[in-house]
Structures are given as C-alpha cells and as structure tokens.
Amino acid sequence: MIVRNTVSMLRRATADDIPDLVELQALLFAEMGSEGVSRPEWRDSTAAWLSERLGSEACVYVVEVEGSVVSCALGYLHTAPPSPSSVTDVRGHISNVVTVECHRRGGHARACMTALLEWFRNETPAEVVDLSASADGTALYKSMGWRTRHDPTMRLPIAREFRLDQPTGLTRGR
C-alpha cells in the first residue's frame, strides 16, 4: 500500500511492538482527556496484559510507515452469558483504534479494523463484536457497517488502591 508517497505496511503486532502499542494507547487517552495518562502503573499493566494475551485471546494490527508504528487497532475476546445476539459465551471487543495525528486520513485505521474483523471472523468463535466509538471514529465505523446501539455505555469507577501485584480474581478459560 502506498500512502502520501511513503511506504506503509499493515501487519499483526508482535511482542516487540508492545512499547509502541502502549505509547499509541497513551496518545489516545491523552486526546480523550483521560486522567492519569502519566501514571506509570497503567503503562506497566497494559504492557503486561498485552504480553500475556497477544497472539491468543488478543490481536493487534498495526500500520508501519517507514519503519515506525503509526496506527493500531486492538481486538480481544471475553466471556459473557449467552444472549439473543450471541448464543455462545464468547464476545469480541475492539478498542485502542488510534493513528498518530500526522498520519491520519490515510486509511490506516480502516486497514487495521478490516484486518481485525477478519481475525474475529476466521480465527475466533466470537459471534458479536462491540466497540465504543469516539466522535472522530464514528463515521469510519458506520461506513464499515457498525450500528449504534439503543443503550448508551455507562461507567462507574470503583475506588480502591491499585497494586500491580494484586491478583484480579478472574480466571481465563480460553
């Protein structure tokens, strides 16, 4: 693929890409106005999470331009009770779709999303995939067939002291 007279390459991320993925996620959170972007604990937790799951229950596609990772999209599997929209307990979720500002509008996020959806279709048992869209991403997702759901996503932070060595209490079965 040639974009703006620079050579770009779409590929599946590897463990070697984790530092770049964490930095792209930091960029995304900073642009969304998230608090705590400078906290090193979340960066360490994110790197550990990716190290543990990348290649099994998580997949990230990246676009490299002239050897630098400039865009990514993360997909992962999780379990939930069966529902009318999915009779299996496996769901997919896409997050962290981000492109470095000077490389936006070049089709990189679309390429990552397209590859990620193929991963869900061909390599996972997920029957549905969800995502939360930013205002900037909504047009892209709608053009790819995503539909707005009736119910808004809501969040309630559970206040507690965070420790990196603290077990989650969750077990992964896949």
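Here, the structure is the one placed above.
Report on the accompanying structure.

Concerning the overall build of the protein
Link 1 in the chain: Secondary structure summary: the protein contains four helices and six strands in total.
Link 2 in the chain: Seen in sequence order, the protein has helices and strands lined up from the N terminus as β-β-α-α-β-β-β-α-β-α.
Link 3 in the chain: In the protein, buried positions account for 37% of the 174 residues.

A look at the packing of aromatic side chains
Link 1 in the chain: In this structure the tally under the stated criterion is three aromatic pairs.
Link 2 in the chain: Between Trp49 and Tyr76, the aromatic rings sit 5.7 Å apart at their centres with planes inclined by 85°, giving edge-to-face as the arrangement. Within this pair, whereas Trp49 is found in helix H2 (residues 40–53), its partner Tyr76 is found in strand E4 (residues 68–79), the two being separated by 27 residues in sequence.
Link 3 in the chain: A relative accessible area of 22% places Tyr76 in the partly exposed class.

Topic: the pattern of salt bridges
Link 1 in the chain: One pass over the structure, following the stated rule, counts 10 salt bridges.
Link 2 in the chain: A salt bridge links Arg104 to Glu31, with the nearest nitrogen and oxygen atoms 2.8 Å apart. Linking Arg104 in the loop between strand E5 (90–99) and helix H3 (108–123) with Glu31 in helix H1 (residues 18–31), this pair joins segments that are 73 residues apart in sequence.

Side note on H1
Link 1 in the chain: With 14 residues, H1 ought to run about 20 Å at 1.5 Å a step, and its terminal C-alpha atoms sit 20 Å apart, in line with that.
Link 2 in the chain: Every buried residue of H1 is listed here: Ile18, Leu21, Val22, Leu24, Gln25, Ala26 and Leu28.
Link 3 in the chain: Packed against the buried residues of H1 are H2, strand E3 (58–65), E4 and E5.
Link 4 in the chain: Directly after H1, the chain includes Gly33, whose backbone phi takes a positive value near 80°.

Let's talk about the environment of Leu54
Link 1 in the chain: Among the secondary structure elements, Leu54 is positioned in the loop between H2 and E3.
Link 2 in the chain: When the C-alpha atoms of Leu54 and Leu74 are compared, they prove to be 9.6 Å apart, with 20 residues separating the residues in sequence.

Some remarks on unusual backbone geometry
A negative phi holds for most residues other than glycine; trans holds for most peptide bonds.
Link 1 in the chain: Of note, Glu66 is a non-glycine position whose phi angle comes to about 50°, a positive value.
Link 2 in the chain: One non-glycine residue, Asn96, lies in positive phi territory at about 55°.
Link 3 in the chain: With respect to the helices, strands and loops of the structure, Asn96 is situated in strand E5.

Parameters at a glance
Residues numbered from 1 in each chain as written. Predicted model: local features only at pLDDT ≥ 70, side-chain atom pairs only at ≥ 80, totals over all residues. Heavy atoms only, no water. Helix = DSSP H or I, 4+ residues; strand = E, 2+ residues; numbered from the N terminus. Buried < 20%, exposed > 50% of the residue type's maximum accessible area, 1.4 Å probe, protein only. Phe/Tyr/Trp six-rings, centres within 6.5 Å; stacked < 30°, edge-to-face > 60°. Salt bridge = Lys/Arg side-chain N within 4 Å of Asp/Glu carboxyl O. Expected span 1.5 Å × (residues − 1). Contact = heavy atoms within 4.5 Å.

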